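Structure assessment
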Amino acid sequence: DTGVSQNPRHKITKRGQNVTFRCDPISEHNRLYWYRQTLGQGPEFLTYFQNEAQLEKSRLLSDRFSAERPKGSFSTLEIQRTEQGDSAMYLCASSLGRGSEAFFGQGTRLTVV
Amino acid sequence: KNQVEQSPQSLIILEGKNCTLQCNYTVSPFSNLRWYKQDTGRGPVSLTIMTFSENTKSNGRYTATLDADTKQSSLHITASQLSDSASYICVVSDDSWGKLQFGAGTQVVVTP
């Protein structure tokens, strides 16, 4: 499968625990995006990388959230001290450049109990 | 305020019928507009991408239109099938680094 891969697909965690999600983009894509989606809503932008550089972060990305893309390939999104409001689908997408199609992964569904 | 507004929020149509979904946006400067189909519990899949110079684009039974002057787009589904049941999301990209602004989606349910 040469599409965008996200792991894990599902994560259930207790409130206060830390979680980390991984995204493997399509190999030649230099742009990588993270989005969060709650039920019945469209995806909300979290952050964006061009190669290894994190170029923009949303206000939604509080100091409990951190994202990295250390070698310009895969990316990780970490949430520290999870809260129930963090429960959502976390989507990763990658693209070749501005104006090119963005391909999404299947998402990681986080449930904080 | 969301810069991409979609209507209706949801609709139910009979199999074989046509339907049209609407998208209004205020994103500026504008780079391109995309329609995505998202099945429940899965990531969005691109249907069409249009730049400001394109008025219409088709992908099988899906036809998207764009009026960049009025900042409106529509997605027309012809001869709907049960597999068309999904959320259809309008996404507008700005002209800076290509940030994607998502609408809330229209939930389409096709019934036999």
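In case you missed it, the structure is sitting above this.
For clarity, every value in this text was computed on a predicted model and none was experimentally measured.

Quick notes on unusual backbone geometry
Looking along the chain, the bond that leaves Asn7(A) and enters Pro8(A) is cis, with omega of -5°. Looking at the secondary structure, you find Pro8(A) in the loop between strand 1 (5-7) and strand 2 (10-13). The omega torsion of the bond from Ser28(B) to Pro29(B) falls at -5°, within 30 degrees of zero and hence cis. Positive phi is not limited to glycine here, since Arg81(A) has a value of about 50°. Of note, Arg81(A) is situated in the loop between strand 8 (75-79) and strand 9 (88-95). The phi torsion at Lys71(B) lies on the positive side, around 60°, for a residue other than glycine.

Quick notes on the sheet that holds strand 7 (residues 62-67) of chain B
Residues and elements named next belong to chain B. Ordered by their spatial adjacency, five strands build an open sheet running 1-3-8-7-6, and the pairing between neighbours is antiparallel. Edge positions in the sheet fall to strand 1 (4-7) and strand 6 (56-59), since each has one partner strand and no second. Strand-to-strand, the axes of this sheet are offset by a mean angle of 15°, without reference to chain direction. As judged from the four bridges shared by strand 1 and strand 3 (residues 19-25), these two strands associate in the antiparallel manner.

Brief notes about the environment of Ser53(B)
Take Ser53(B): it is sitting in the loop between strand 5 (45-51) and strand 6. Along the sequence, Ser53(B) and Leu66(B) sit 13 residues apart, while their C-alpha atoms lie 8.8 Å from each other.

Observations regarding the pattern of salt bridges
Any two side chains of opposite charge can pair, so long as their charged atoms come close to each other. According to the stated counting rule, one finds five salt bridges over all chains in the structure shown. In the salt-bridge network here, residues are joined through shared partners; they are Arg64(A), Glu83(A) and Asp86(A).

Considerations on the pairing of strand 3 of chain B
All names here are of chain B. What you see with strand 3 is a clean split: Cys19, Leu21, Cys23 and Tyr25 sit on the buried side and Thr20, Gln22 and Asn24 on the side with no burial. As paired strands, strand 3 and strand 8 (residues 72-77) are joined by six bridges and run antiparallel to one another. Note that in strand 8 the partner of Cys23 across the bridge is Ser73.

Considering the nonpolar core
If you look at the biggest cluster of nonpolar residues, it comprises 24 residues, and the most contacted ones within it are Leu21(B), Tyr25(B), Leu33(B), Trp35(B), Leu75(B), Tyr88(B) and Val92(B). Within the residue set of this core, elements represented by two or more residues are strand 2 (10-14), strand 3, strand 4 (30-38), strand 5, strand 7, strand 8, strand 9 (86-94) and strand 11 (106-111) of chain B. Leaving out residues up to four positions away in the same chain, Tyr25(B) has contacts with Gln3(B), Val4(B), Phe30(B), Leu33(B), Leu66(B), Asp67(B), Ala68(B), Lys71(B), Gln72(B) and Val92(B). By size, the runner-up hydrophobic cluster in this structure holds 19 residues, among which are Ile26(A), Phe49(A), Ile79(A) and Ala88(A).

Notes on the environment of Asp63(A)
Here Asp63(A) shows up in the loop between strand 6 (53-57) and strand 7 (65-68). In this structure, the C-alpha to C-alpha distance between Asp63(A) and Ile79(A), residues 16 residues apart in sequence, is 9.0 Å.

Some thoughts on the packing of aromatic side chains
All told, the structure shown has 11 aromatic pairs over all chains when counted by the stated rule. Measuring from centroid to centroid gives 4.9 Å for Tyr35(A) and Phe102(B), while their planes differ by 70°, and the two rings are edge-to-face. Taken together, the residues Tyr35(A) in strand 4 (residues 31-37) and Phe102(B) in strand 10 (residues 100-102) connect one chain to another. Each of the two residues, Tyr35(A) as well as Phe102(B), counts as buried.

Description of the interface of chain B and chain A
Opposite the 20 residues of chain B that make contact, chain A presents 22 residues. Interface of chain B and chain A: buried area, both sides summed, is about 1800 Å²; carbon and sulfur atoms make up 51% of it. Across the chain B-chain A interface, the total number found is zero salt bridges. Counting across the interface, chain B meets chain A through four residue pairs in polar contact (both at pLDDT 80 or more). Looking at the side of chain B that touches chain A, the elements with two or more residues in it are strand 4, strand 5 and strand 10 of chain B.

Calculation criteria
- Residues numbered from 1 in each chain as written.
- Chains lettered and ligands numbered in written order.
- Predicted model: local features only at pLDDT ≥ 70, side-chain atom pairs only at ≥ 80, totals over all residues.
- Heavy atoms only, no water.
- Helix = DSSP H or I, 4+ residues; strand = E, 2+ residues; numbered from the N terminus.
- Pairing = 2+ DSSP bridges.
- Axes fitted to C-alpha atoms, helices over the stretch in contact; angles between N-to-C directions.
- Salt bridge = Lys/Arg side-chain N within 4 Å of Asp/Glu carboxyl O.
- Buried < 20%, exposed > 50% of the residue type's maximum accessible area, 1.4 Å probe, protein only.
- Core = buried A, V, L, I, M, F, W, Y, C linked by side-chain atoms within 4.5 Å.
- Contact = heavy atoms within 4.5 Å.
- Phe/Tyr/Trp six-rings, centres within 6.5 Å; stacked < 30°, edge-to-face > 60°.
- Buried area = accessible area lost by both parts, 1.4 Å probe.
- Polar contact = N/O pair within 3.5 Å; in protein donor to acceptor, adjacent residues only side chain to side chain.

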